[in-house]
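Topology and contacts: notes
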Amino acid sequence: MAARPPFDLSHAAISWWRENGRKDLPWQQEPTPYRVWVSEIMLQQTQVRTVIGYFDAFMKRFPTLQSLAEASEDDVLHRWTGLGYYARARNLHKAARHACEHFGGELPADQAKLESLPGIGRSTAAAIMSLAHQQRATILDGNVKRVLARFHAIDGWPGERTTLDTLWARAEEHTPSQDFRIYSQAMMDLGATLCTRSNPHCLLCPLQPGCAGQHTPQLYPGKKARKPLPVRATTLLIAVDDQGRALLEKRPSRGIWGGLWSFPEFADKSALCNWLARNYYPPTRDLEALTPFRHTFSHYHLDITPIRADVSREHSNAGRVMDGDKYVWYKHEDVGSSPDGAPPDGAPPDGTPPGGFAAPVVRLLNQLQENTLP
DNA sequence: AAGGCGTGGCC
DNA sequence: TGGCCAAGCCT
């Protein structure tokens, strides 16, 4: 079998850009170091559409590096209003003054010197070097990270040192020695228009033939590793009356399942038993815990132990429990096969709660209905 | 090195 | 619908 020649990423990206790239952005006209610099700062964590509304006005007010340096910080911040990340504007102003003071009023064509200016990091410095000074330099912004992470199927979150190092290494390797200016712009355009975070257009992508992530783009770049969620435990009382109704409790509006209907919740079995004995006669037989199961929230796992207790409402001293606004005896065959969604109005204490159910409660109610509680 | 910084768009 | 993310950098 003949070895396939390695896919030439930069060549493919450059060819694509010549045909399909963006060439009419405001900062691409007269790409002077100053204009490229201002645009790159504005574009940090900010989408092109938003920046377009600010760039020309800013450049009109501060047409040169000198004019920016001579302006007051307040004036600069004023022109930045609405763009967000205002430290960018303060740094821009500081850097302009520094450049006037120490770099002869010009932005240096030197990556290290650029990076010494406040607000200019490795990638922004490279963008200025490449796009404005026409020197070979490697950028790695969010677009390029996404493109390269997919192209090389690089696992891991780019916020991690090792992942970031890998991405920089790949980025350096791909940077051509010719047309690096076009290459830089092409990679950003690919990330912004085709290799988007969601719904990338792989079929239109010039890198698709060599892309290791083309079938699973959603895996890249990797997401931040979540530290393992804490585990909490709770106990739910499934009190069932002689007609098969279950006691539900309306939860307080704050906290988990706020305002939803749930089974009465207790810290543990003994708290549950105390409550049961206080409000009903002690159950006729020992309470057996049902099979515990896990419900996961965004911020913790909740291990739920349901405990069923058959109670007789004839023999209850439940007057203080039976607050119709907070408790209801519920049988969901009265309303339908599933308690999903908002049940129709019902009159407590017998009937249907006028609100939603906590998710695990739906599961338990269905099992109760089908008599399949484990 | 993890978190803060702003606003707008996405599903 | 609210969490996640976007042409990052600084501390």
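Residues numbered from 1 in each chain as written. Chains lettered and ligands numbered in written order. Predicted model: local features only at pLDDT ≥ 70, side-chain atom pairs only at ≥ 80, totals over all residues. Heavy atoms only, no water.

1. Regarding the layout of surface pockets
The gaps left among the atoms become clear once a water-sized probe is rolled over them. Taken as a whole, the largest pocket encloses approximately 1500 Å³ of empty space. Considering the residues around the largest pocket, the lining is formed by 43 residues, among which Gln-45, Asp-141, Gly-142, Asn-143 and Arg-146 are closest to the centre. When contributions to the lining of the largest pocket are tallied by element, the ones reaching two or more residues are helix 2 (33–43), helix 3 (48–61), helix 8 (122–132), helix 9 (142–151) and helix 11 (180–194). A breakdown of the residues in the lining of the largest pocket according to their chemical character gives 17 nonpolar, 14 polar and 12 charged. (1 Å grid on protein atoms, 1.4 Å probe; cavity = no way out; pocket = protein on both sides within 12 Å on 5 of 7 lines; lining within 4 Å. Points joined across faces, edges and corners; volume = space filled by probe spheres on them. Helix = DSSP H or I, 4+ residues; strand = E, 2+ residues; numbered from the N terminus. Nonpolar A, V, L, I, M, F, W, Y, C, P; charged D, E, K, R; others polar.)

2. Description of the protein's contact with DNA strand B
With respect to spatial proximity, the complete set of residues near DNA strand B consists of Gln-45, Thr-46, Gly-82, Leu-83, Gly-84, Tyr-85, Tyr-86, Ala-87, Arg-197, Asn-199 and Lys-224. Sugar and phosphate atoms constitute 45% of the interface atoms of DNA strand B, taking the interface as everything within 4 Å of the protein. With respect to DNA strand B, the backbone of Gln-45 contributes an N or O atom lying 3.2 Å from a base nitrogen. Within the side chain of Tyr-85, a nitrogen or oxygen atom sits 2.2 Å from a base oxygen of DNA strand B. Counted by class, the surface near DNA strand B contains 4 nonpolar, 5 polar and 2 charged residues. (Near = heavy atom within 4 Å. Polar contact = N/O pair within 3.5 Å; in protein donor to acceptor, adjacent residues only side chain to side chain.)

3. A few points about the pattern of salt bridges
Opposite charge on two side chains permits them to pair, given that their charged atoms come into close proximity. All chains considered together, the criterion is met by 10 salt bridges. Its salt-bridge partner being Arg-22, residue Asp-189 comes within 3.0 Å of it at the nearest N-O pair. You can see Asp-189 sitting in helix 11 and its partner Arg-22 sitting in the loop between helix 1 (9–20) and helix 2, a full 167 residues away along the chain. On the accessibility criterion, Asp-189 (0% relative accessible area) is buried. According to the relative accessible area criterion, Arg-22 is partly exposed, its value standing at 22%. The closest approach of N and O atoms between Asp-165 and Arg-161, which form a salt bridge, is 3.2 Å. (Salt bridge = Lys/Arg side-chain N within 4 Å of Asp/Glu carboxyl O. Buried < 20%, exposed > 50% of the residue type's maximum accessible area, 1.4 Å probe, protein only.)

4. As for the protein's contact with DNA strand C
In the neighbourhood of DNA strand C, 25 residues make up the surrounding shell, with Leu-43, Gln-45, Gly-119, Thr-124 and Asn-143 lying closest. The share of sugar and phosphate among atoms of DNA strand C within 4 Å of the protein is 64%. The contact in question runs from a phosphate oxygen of DNA strand C to an N or O atom on the backbone of Gly-142, over 3.0 Å. Those elements that place two or more of their residues in the surface near DNA strand C are helix 8 and helix 9. Class assignment for the residues of the surface near DNA strand C results in 9 nonpolar, 9 polar and 7 charged.

5. Brief notes about the packing of aromatic side chains
Two aromatic rings are characterised by how far apart their centres lie and by the angle between their planes. Throughout the structure, instances matching the rule amount to 7 aromatic pairs. Here the aromatic rings of Trp-275 and Tyr-327 are separated by 6.4 Å at their centres, their planes lie at 35 degrees, and the arrangement is tilted. Placement of Trp-275 in helix 12 (residues 269–279) and of Tyr-327 in strand 7 (residues 327–330) is noted, with a sequence separation of 52 residues between them. Of the two residues examined, Trp-275 and Tyr-327, each falls in the buried class. Cluster of aromatic residues (ring-pair linked, three or more members): Phe-58, Phe-62 and Trp-80. The aromatic ring of Trp-17 is capped on one face by Lys-23, whose charged end is 4.7 Å from the ring centroid. Just above the ring of Trp-168 sits the side chain of Arg-122; from NZ or CZ to the centre is 3.5 Å. (Phe/Tyr/Trp six-rings, centres within 6.5 Å; stacked < 30°, edge-to-face > 60°. Lys NZ or Arg CZ within 6 Å of the ring centre and 35° of its normal.)

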